[in-house]
Amino acid sequence: MTNALTLDVPAGVPWIDFRREFDAPAAAVWNAHRDPDLVSLWLGPHGYEMVVERWDFTTGGGYRYVHRDPDDPDGAEYGFRGAFHTVREDLVVQTFEYDGMPDEVALELLRFVDLGDGRCRLEGRSIGTTVEGRDAMVESGMETGMAQGYERLDGLLVPAAAAPSADRTTGA
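As its UniProt record puts it under Sequence similarities (unreviewed entry), the protein chain is described as follows: "Belongs to the AHA1 family."

Shown next, in the form of C-alpha cells:
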C-alpha cells in the first residue's frame, strides 16, 4: 500500500511543508536518503535516469545529481546541487538548487519521525528565496516527482520488512 504525500503550499510565503508516512522504520528511510546507490533508485519522477555525481551525506558535505529523460529526443538533463548543513539520524538540513533556476536556492529541513511499530513519517519544509521561485517549483511538477519517487522508495523498503537480514536499506 502506498501512503499519500501531503503538501501544504501557503499563499504569500516562500515555503512548502510536506509529510509522507512509510511502512518502514525511520532508520531504513534515513538510510535510503544517505546511500547514493539507493537514492539513485528512487529520487525523482518515473522513467528518469539519475546519475549521482557527488553525494557526501555528512554535516558540511554536498551533492550534485542529474536527472535524464530518456524519452526526450533532445536528451534533456536536469541538474541539482546543494550542501548538507546538518546530518543526523533524525534531521537533515540542506540547500537545494536546480540548475535551471540558479538564483533560487531553497533551505530544506527533513525530519525522520519514528511512529513506532516499524513505521515512520518524513516531515519536511522547503524555504525558497522568493514566493515566485517557490511557486515556479510547485508549477514545474515537483509534487508529481516527489510522489512518484516516494512510491519507488516504498518498493525498496518493503523487502526490508519482509527480510531484514538481507535489507540494503538498513545497512544490515
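Engineer: For this particular structure, what's the right way to read the pattern of salt bridges?
Structural biologist: Two side chains carrying opposite charge are able to pair once their charged atoms lie near each other. A full pass over the atoms with the stated rule returns 13 salt bridges. The salt bridge partner of E77 is R68, with a shortest N-O separation of 2.5 Å. For E77, a relative accessible area of 46% puts it in the partly exposed group. A relative accessible area of 28% means that R68 is categorised as partly exposed. Of the charged contacts, one joins R81 and E97 as a salt bridge, the two residues approaching to 3.3 Å between their closest N and O atoms. Of the two residues, R81 is situated in strand 5 (residues 77-87) and E97 in strand 6 (residues 91-98); the sequence distance between them amounts to 16 residues. Taking relative accessible area as the criterion, R81 reaches 40% and is therefore assigned partly exposed. The network of salt bridges with shared partners includes E21, D23, R119, R121 and E123.

Engineer: Looking at this model, I keep getting lost on unusual backbone geometry. Mind explaining?
Structural biologist: Phi is mostly negative for residues that are not glycine, and the peptide bonds are mostly trans. The phi dihedral of D117 is positive, around 55 degrees, even though this residue is not glycine. Here D117 lies in the loop between strand 7 (106-116) and strand 8 (119-127).

Engineer: I tried to follow the layout of surface pockets on my own but got confused; where do I start?
Structural biologist: It is the rolling of a water-molecule-sized probe over the atoms that shows where space remains empty. Here the largest pocket defines a volume of roughly 870 Å³. Contributing to the lining of the largest pocket are 34 residues, with Y65, F80, F96, M142 and M146 lying nearest its centre. Every element with two or more residues in the lining of the largest pocket is listed here: strand 2 (15-22), helix 2 (36-42), strand 4 (62-68), strand 5, strand 6, strand 7, helix 3 (131-139) and helix 4 (142-162). When residues of the lining of the largest pocket are assigned to their parent elements, the largest contribution, five residues, is made by helix 4. The residue makeup of the lining of the largest pocket, split by class, is 24 nonpolar, nine polar and one charged.

Engineer: Help me understand the packing of aromatic side chains in this model?
Structural biologist: Aromatic ring pairs are reported here in terms of the distance separating the ring centres and the angle at which the planes meet. In the structure shown here, the tally under the stated rule is 14 aromatic pairs. For the ring pair F57 and F84, a centre distance of 4.9 Å and an interplane angle of 80 degrees mean the geometry is edge-to-face. Pair noted here: F57 is in the loop between strand 3 (49-55) and strand 4 and F84 is in strand 5, with a separation of 27 residues, a long-range link. Assigned by exposure class, F57 and F84 land together as buried. Clustering of aromatic rings is evident, with ring pairs tying together W30, W55, F57, Y63, Y65, F80, F84, F96 and Y98. Taking NZ or CZ as reference, R20 lies 4.7 Å from the ring centre of F22, over its face.

Engineer: What should I look at first to understand helix 1 (residues 26-34) in this one?
Structural biologist: Every α-helix carries 3.6 residues per turn, so stepping three or four residues along brings you back to the same face. Most of helix 1 sits inside the fold, with seven of its nine residues counted as buried. Residues of helix 1 that are buried include every one of A26, A28, V29, W30, N31, A32 and H33, and no others.

Engineer: I keep staring at the nonpolar core and nothing clicks. Help me out?
Structural biologist: What tends to happen in soluble globular proteins is that the nonpolar side chains get buried as a cluster. If you look at the biggest cluster of nonpolar residues, it comprises 34 residues, and the most contacted ones within it are F18, F22, V29, F112, Y150 and L153. Leave out the neighbours within four places in its chain, and F22 touches N3, V29, R119, C120, L122, Y150, L153, D154 and L157.

Engineer: Explain the pairing of strand 5 here, please?
Structural biologist: Here is the key point about a regular strand: its side chains alternate between the two faces of the sheet. Pairing analysis gives seven bridges linking strand 4 to strand 5, with the strands arranged antiparallel. Opposite H67, over in strand 5, you have Y78 as the bridge partner. Strand direction decides the pairing type here: strand 5 and strand 6, joined by five bridges, are antiparallel. The partner of F80 across the bridge, within strand 6, is Y98. The loop that links strand 5 with its antiparallel partner strand 6 comprises three residues.

Reading the values: rules and limits
The residue numbers shown here count from 1 along each chain, following its written sequence. At least 70 in pLDDT is required for a residue's local features to be given in this predicted model, at least 80 for side-chain atom pairs to be given and counted, and no such filter applies to totals for whole chains, interfaces and linings, which use all residues. The basis for the side-chain values is all heavy atoms of the structure; hydrogens and waters are excluded. UniProt positions are given in the numbering used here, feature names are shortened, and annotations may be inferred rather than shown by experiment. Each reported salt bridge corresponds to a side-chain nitrogen of Lys or Arg within 4 Å of a carboxyl oxygen of Asp or Glu. Buried means the residue's accessible area, taken with a 1.4 Å probe over protein chains only, is under 20% of the maximum for its type, while exposed means over 50%, and partly exposed covers the values in between. Segments assigned H or I by DSSP are reported as helices when at least four residues long, segments assigned E as strands when at least two residues long, and all are numbered from the N terminus. Throughout, the protein atoms alone are placed on a 1 Å grid, and a set of points is a cavity if a 1.4 Å probe fits but cannot get out or a pocket if it is open with protein on both sides within 12 Å along at least five of seven lines; lining residues have an atom within 4 Å of a point. Grid points are joined across faces, edges and corners, and a volume is the space filled by probe spheres set on the points. Here the term charged refers only to Asp, Glu, Lys and Arg, the term nonpolar to Ala, Val, Leu, Ile, Met, Phe, Trp, Tyr, Cys and Pro, and the term polar to all other amino acids, Gly among them. Pairing of aromatic rings covers Phe, Tyr and Trp, the last through its six-membered ring, and needs centres within 6.5 Å; plane angles under 30 degrees mean stacked, over 60 mean edge-to-face, and all others mean tilted. Whether a charge sits over a ring depends on NZ of Lys or CZ of Arg being within 6 Å of the ring centre and within 35 degrees of the ring normal. What is meant by a nonpolar core is a set of buried Ala, Val, Leu, Ile, Met, Phe, Trp, Tyr and Cys residues, joined one to another through side-chain atoms within 4.5 Å. The contact criterion used throughout is that any non-hydrogen atoms of two residues lie within 4.5 Å. We call two strands paired when DSSP finds no fewer than two bridges between them.

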